[in-house]
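# Tertiary structure, described
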Amino acid sequence: MRRLFRRGAPIDAAAGRPLIRALAAAGAMVMVTAIAAAMTYPPVLPRPAASPAASNPAAQQQIILPDLLLVAPKGLSAAQIAKIRKVSGVRNVITADGAAIKIGTQRVNVLGVAPQQFRSWTPLATASDQSLWTALASGRFVASPDAAKRLGLRPGVSYGLSGAARQNLVFGGSAALGVSGIDVLVSNQASGALGLIRGVAALISAPGAGLAALTSGVRAAAGPPDTIVSLRSQQLPVVPAAKGGKPASYLQLFQQSAATYCPGLSWTVLAAIGQIESGDGRNVGPSTAGALGPMQFLPSTWATWGITAFGETGAPNIMDPYDAVPSAARLLCADGAASAAGLAGAIFSYNHASWYVTEVLALARQYAQTYG
């Protein structure tokens, strides 16, 4: 019910007080403080069937590392979002609607998202669960495992969701949402029908940008009293992945792929290629040349260089980050990326453009400066 979300409530941003508690105390929807931290959750990745992205609009085609979370209980306007996009260093901005609503008699915190966009910001295991995103795109709702258990939700059963209006939606499944304190996701179409508050949260990706300057720029664009939370410090895994184990975060995936499949290649180059190829939205798959997946492989190139990695079984899957990132490392290594002398030429071979080499190397340097 919309009244559960107090539009004018102040946010207590006292030092040391978790954002979740602050927003709950203000009467607002409980929001996220640890989206990137959720990426460290060990994924149990089902192998989706490989299929052309053109026939599968919900297919994962991006790898995005969030840097900031902006929470605006009154909602962000189109003008504010436009200003945020113009802040120096910002490459990606995604917004979500939200409110505290009810399923039956129990209050839940729900986000309304565009499935194809939001998918890229979720933990690896969730982003790779094709059935979940198909369900969300078709108008069903999904829930966190805790919420599904607490509410006794059963897949395929219809439930009444009561916001500003009541909607009966079918439960499509559960998965780690990567958003602490959020119980349910609905599509942006269902969001409008439920009357969720538009643009209550924004995720911002600005790889390589200085955090202080980025935060200042975003705050100036959004205006007070919105709350900004840094996610960047949570992106690096505290404990490296076990040798031979499966990477649990995107950064572990880049780091372990470089170390395993191209010793001598910095993981920052892989991360930069992943960001430029798909994370900034230039290629939403397939590209004009027909490239697919998070590392934008041409199918003909994939047929030669695509591998099944990290203990998975089955044919190499161009849409699966666990296969695509190490395959990119393998291809780059064959083209000379393991040595400083051959790196630029290997990047040029990956995408035949001088501007591309310059941008990849520049972004890789920024990653190195940021993460050490």
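Quick look at the structure, then.

Conventions adopted
Residues numbered from 1 in each chain as written. Predicted model: local features only at pLDDT ≥ 70, side-chain atom pairs only at ≥ 80, totals over all residues. Heavy atoms only, no water. Helix = DSSP H or I, 4+ residues; strand = E, 2+ residues; numbered from the N terminus. Buried < 20%, exposed > 50% of the residue type's maximum accessible area, 1.4 Å probe, protein only. Contact = heavy atoms within 4.5 Å. Phe/Tyr/Trp six-rings, centres within 6.5 Å; stacked < 30°, edge-to-face > 60°. Lys NZ or Arg CZ within 6 Å of the ring centre and 35° of its normal. Expected span 1.5 Å × (residues − 1). Core = buried A, V, L, I, M, F, W, Y, C linked by side-chain atoms within 4.5 Å. Disulfide = S-S within 2.5 Å. Pairing = 2+ DSSP bridges. Polar contact = N/O pair within 3.5 Å; in protein donor to acceptor, adjacent residues only side chain to side chain.

### A word on the overall build of the protein
Within the protein, the regular secondary structure consists of 15 helices and 9 strands. Evaluated residue by residue, the protein yields a buried proportion of 57% over its 372 residues. When contacts within the protein are restricted to residue pairs at least 6 apart in sequence, long-range pairs at least 24 apart make up 71% of them.

### Thoughts on the packing of aromatic side chains
This structure, assessed with the given rule, holds 7 aromatic pairs. Ring pairing ties together the aromatic residues Phe141, Tyr159 and Phe171, which thus form one cluster. One cation-aromatic arrangement involves Lys246 over Tyr322; the distance from NZ or CZ to the ring centre is 4.7 Å.

### Points about helix H13 (residues 321-334)
The terminal C-alpha atoms of H13 lie 20 Å apart, and with 14 residues this matches the ideal 20 Å at 1.5 Å per residue to within 8%. Of all 14 residues making up H13, 11 are buried, and the element is well covered by its neighbours. Among all positions in H13, only Pro321, Tyr322, Asp323, Ala324, Val325, Pro326, Ser327, Ala328, Ala329, Leu331 and Leu332 are buried. Looking one or two residues beyond H13, the residue adopting positive phi is Gly336, at roughly 105°.

### Quick look at the nonpolar core
Leu270, Met295 and Tyr350 are the most contacted members of the largest nonpolar core, which has 43 residues in total. Of all the secondary-structure elements, those providing two or more residues to this core are helix H10 (250-261), helix H11 (267-279), H13, helix H14 (340-350) and helix H15 (354-371). Core analysis: the next-biggest nonpolar cluster, separate from the first, contains 21 residues, Leu111, Val113, Phe118 and Trp121 among them.

### Quick look at the state of the cysteines
Taken as a whole and judged by the stated rule, the model has 1 disulfide. What pairs with Cys262 in a disulfide is Cys333, and their sulfur atoms sit 2.4 Å apart. Measuring the twist about the S-S bond at about 85°, one finds the Cys262-Cys333 disulfide to be right-handed. You can see Cys262 sitting in the loop between H10 and H11 and its partner Cys333 sitting in helix H13, a full 71 residues away along the chain. Given the relative accessible area of 0%, Cys262 is considered buried.

### Here we look at unusual backbone geometry
Unusually for a residue other than glycine, Gln296 sits at a positive phi of about 50°. Tracing the backbone through its elements, the reader meets Gln296 in the loop between H11 and helix H12 (299-305). Although it is not a glycine, Phe310 adopts a positive phi angle of roughly 55°. Turning to its location among the elements, Phe310 is positioned in the loop between H12 and H13. A relative accessible area of 14% places Phe310 in the buried class.

### Looking at the pairing of strand E5 (residues 158-162)
By the criterion of burial, E5 is predominantly enclosed, with 4 of the 5 residues buried. Where strand E2 (residues 92-103) and E5 come together, 2 bridges link them in antiparallel fashion. Along E5, the bridge assignment pairs Ile103 with Leu161. Summarising the sheet, E5 and strand E6 (residues 166-174) pair through 5 bridges and their orientation is antiparallel. From the neighbouring strand, Leu161 faces E6, where its bridge partner is Gln167. Remark: 3 residues form the turn of the hairpin made by E5 and E6, two consecutive strands paired antiparallel.

### Topic: the pairing of strand E7 (residues 184-187)
Burial of the side chains of E7 extends over both faces: Val184 and Val186 are buried on one face and Leu185 and Ser187 on the other. Bridge analysis of strand E3 (residues 106-113) against E7 gives 4 bridges, and the strand direction is parallel. Looking across to E7, one finds that Gly112 is bridged to Val186.

### Brief notes about the side chain of Asp183
Within the fold, Asp183 resides in the loop between E6 and E7. At 2.8 Å, the side chain of Asp183 and the backbone nitrogen of Asn109 are in polar contact. Leave out the neighbours within four places in its chain, and Asp183 touches Val108, Asn109, Val142, Ala143, Ser144, Ala147, Arg150 and Leu177.

### Let's talk about the environment of Leu343
Locating Leu343 in the fold gives a position in helix H14. Along the backbone, Leu343 and Gly264 are 79 residues apart, and their C-alpha atoms lie at a distance of 10.0 Å. Discounting chain neighbours no more than four positions away, the residues touching Leu343 are Leu265, Val269, Gly336, Ala337 and Leu361.

### Observations concerning the environment of Gln116
If you trace the backbone, Gln116 turns up in helix H4 (residues 115-118). Between the C-alpha atoms of Gln116 and Leu136, which are 20 residues apart in sequence, the distance is 9.5 Å.

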